[in-house]
Amino acid sequence: MSYEDSLKILKDTVEIWDKVEKIAITDALDRNIAHDVIADRNYPAKPVSAMDGYAFAYDDSLSELELITDLPAGSDKEIKISGNKCVKTFTGSLMSEGSDTLVPVENVEVNGSKITIKKGVSKGFAVRAVGESYKKGEILIKKGTKLSYAEIALLAELGIFHVSVFIRPRVAIIATGSEIKDLGEPLENAAQIHSSNHIGIAMQIRKMGAEPILCEIVKDEATLVKKAIINALKSADILITTGGVSMGDYDFVKDTLKENFSVIIDKAAIKPGRHIKIAKSGEKYIFALPGFPYSAMVMCVLYVRVLINLWLGNDEPKITAIIDEDYKKRSPFLEFTAVNLENREGKNFVNLNGKKLGSSAIVNNLTNKAALLMIPMDKEILKKGEIVEVLMMPC
C-alpha cells in the first residue's frame, strides 16, 4: 500500500490520549499541556509605565511641568493630576489618574520641582495600555502545546504553579539479531556488530516527548522473540522492535506478530523500510521496524512519531525547500533520502554534500541535523532548482 494509505489506516485506529498528570511548572519544560490556558484577567489591569519618567496629561503646548510627588513600582497610592502637574513614575508603576503620557527621564531637565521638557514625545508614549499583553478570556496556550521557556514564563506570570500535562507515552525498544551486541559487550568475531538501533531510537523517542524503555537485545530464536515482545508490552504503551521483519529464515518478529496480535499494516511502498509491520494489542501498538539503523530511525519518524504527535498534540514538521542539484530516484517507491538543510537569504535549500550512496545501514547519513527529502512515487528525477518537500528529523 502507499505511505498515505498506511498512515490513514494507522490514524483511524488511534483513540484520544487522555492520560494526564499534574506537575509543577518548574518540571514542565517540553511537556505537552493537557488543557487550554485562558486569561482570567486583563494584563496589565490598569495603565502602567513602560520606563522611568514623568507621567502627565498630554498637551503639546506644554514645555514645563510641576513635579508633585513620585510613585514607585508596587505602590497603589491614589494620585490625581491635571494641567501642567506631573508625577515621577518608575518602570512598572501604575499611571496616576488623569495622566496618559510619560516623558522619559533622559528627555527632561530637572530643577527642584520644575521639569523642563527638552525633547517632546507623542501622546500615550511609554504607557502600557490595559490588556496590552492579553485580555480576559483570551486563549494564551492551546491544549497540546509543548511548553517552552516562554509558555512556562507566561504560566508564572498568571500565578499558575501546577499545570496538567499529558503523561509521556512509554515506549519499549527491542533490538533483535544474533549478530548484534549491546554496548559494553565485546565483539567475538567479525560477523558481530554493536547495536545502534535501540540507542538512536531511544533518543528519537525522547525528542518526540515520550519516555523510552531500553530492553535487552534478543537473539534470533522464535521463543525468545515471542517472550520478549509479550513481556515488553506489559509496561509500555508502544513497543518498537528492529530486525526480523523481512523475508529471511530467522525473521521471527513478523511471525510472532501475525500469530499473536492484530496486524494493521503489512508493508508499504516506501524506501527505506517497505517491510514495516504495525500491530495492535488492545490499546497498545507494536511497530516492527527493519534492522538497518538508517532505515529503522527513518521509519520511527515516519510512523511512530505520527502516533505520538496524535496523542500529544504535536505538529508534523514538514517544510518546502529548493534542491541544489539533480537527484535521480533509486526505486519505484516513495523515497526518503537524508539531505543537508540550509537557509540562505531567507530560503530553504537542500543538498546531498557528504551523504553516501549505499544501503540503509549508513547511520552517519543522519548526522549533522539531516532532514529527509521526500521523492514521490511518480517522479524519476528531481531537477536542480525544483521545489521539494522535506520532513524534519527530531534533533
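Preceding this paragraph is the structure being described.
How each quantity is defined
- Residues numbered from 1 in each chain as written.
- Predicted model: local features only at pLDDT ≥ 70, side-chain atom pairs only at ≥ 80, totals over all residues.
- Heavy atoms only, no water.
- Helix = DSSP H or I, 4+ residues; strand = E, 2+ residues; numbered from the N terminus.
- Expected span 1.5 Å × (residues − 1).
- Buried < 20%, exposed > 50% of the residue type's maximum accessible area, 1.4 Å probe, protein only.
- Arc of directions from axis to C-beta.
- Contact = heavy atoms within 4.5 Å.
- Phe/Tyr/Trp six-rings, centres within 6.5 Å; stacked < 30°, edge-to-face > 60°.
- Lys NZ or Arg CZ within 6 Å of the ring centre and 35° of its normal.
- Core = buried A, V, L, I, M, F, W, Y, C linked by side-chain atoms within 4.5 Å.
- Domains from an automatic or database assignment.
- Pairing = 2+ DSSP bridges.
- Axes fitted to C-alpha atoms, helices over the stretch in contact; angles between N-to-C directions.

Caption draft 1: How the structure looks around helix H4 (residues 222–233). Compared with an ideal rise of 1.5 Å per residue, which puts twelve residues at 16 Å, H4 spans 17 Å between its outermost C-alpha atoms and is within 8% of the ideal. Every buried residue belonging to H4 is among Val225, Ala228, Ile229, Ala232 and Leu233, and all of these are buried. Considered in projection along H4, the buried side chains sweep an arc of 125 degrees and stay on one side of the axis. Seen from the buried face of H4, the exposed residues on the opposite side, beyond 90 degrees, are Thr223 and Lys227. Contacts from the buried residues of H4 go to strand S13 (170–175), strand S17 (238–242), helix H5 (252–260), strand S20 (277–281) and strand S21 (284–289).

Caption draft 2: Here's a closer look at the packing of aromatic side chains. This model, assessed by the stated rule, comprises seven aromatic pairs. Taken together, the ring pairs connect Trp17, Tyr285, Phe287 and Trp311 into an aromatic cluster. Directly above the aromatic system of Phe349 lies the positively charged group of Arg344, at a separation of 3.9 Å from the ring centroid.

Caption draft 3: Here's a closer look at the nonpolar core. The biggest cluster of nonpolar side chains holds 49 residues, and the ones touching the most others in it are Ile205, Ile240, Phe287, Leu302 and Tyr303. By residue number, the principal contributor to this core is helix H6 (residues 293–312), which donates 15 residues. Taken together, domain 1 (3–16 + 168–312) and domain 4 (318–392) each give at least three residues to this core, which thus spans both. If near-sequence neighbours (up to four positions away) are discounted, Tyr303 is found in contact with Tyr3, Ser6, Leu7, Leu10, Ala268, Ile270, Ile276, Ile278 and Phe287. Counting residues in hydrophobic clusters, the runner-up holds 20 residues, among them Ile213, Val245, Phe252 and Ile286.

Caption draft 4: Spotlight on the sheet that holds strand S6 (residues 85–89). On the basis of which strands lie adjacent, the open sheet formed by six strands has the order S7-S4-S6-S5-S9-S8 and mixed pairing. In this open sheet, the two edge strands, each paired with only one partner strand, are strand S7 (101–104) and strand S8 (108–111). The mean inter-strand angle of the sheet, taken between neighbouring strand axes irrespective of direction, is 40 degrees. Where S8 lies against strand S9 (residues 114–117), four bridges are found, and the strand directions are antiparallel. Of the residues in S9, the one forming a bridge with Val110 is Ile115.

Caption draft 5: Inspection of the sheet that holds S13 at higher detail. Spatial strand order, S16-S13-S17-S21-S20-S18: six strands in an open sheet with mixed pairing. With partners counted over all chains shown, the strands left at the sheet margins are strand S16 (211–214) and strand S18 (262–266), one partner each. Along the sheet, successive strands turn relative to each other by an average axial angle of 20 degrees, direction set aside. As judged from the four bridges shared by S13 and S16, these two strands associate in the parallel manner. Looking at the pairing, Arg170 lines up with Glu211 of S16.

Caption draft 6: Helix H2 (residues 149–157), seen in detail. The complete set of buried residues in H2 reads Ile152, Leu154 and Leu155. The arc that holds the buried residues of H2, viewed along the axis, is 155 degrees, so those residues lie on one side. Looking at the buried side of H2, the elements it contacts are strand S2 (37–38), strand S11 (139–141) and strand S12 (162–166). One or two positions beyond H2, positive phi appears at Gly159, with a value near 85 degrees.

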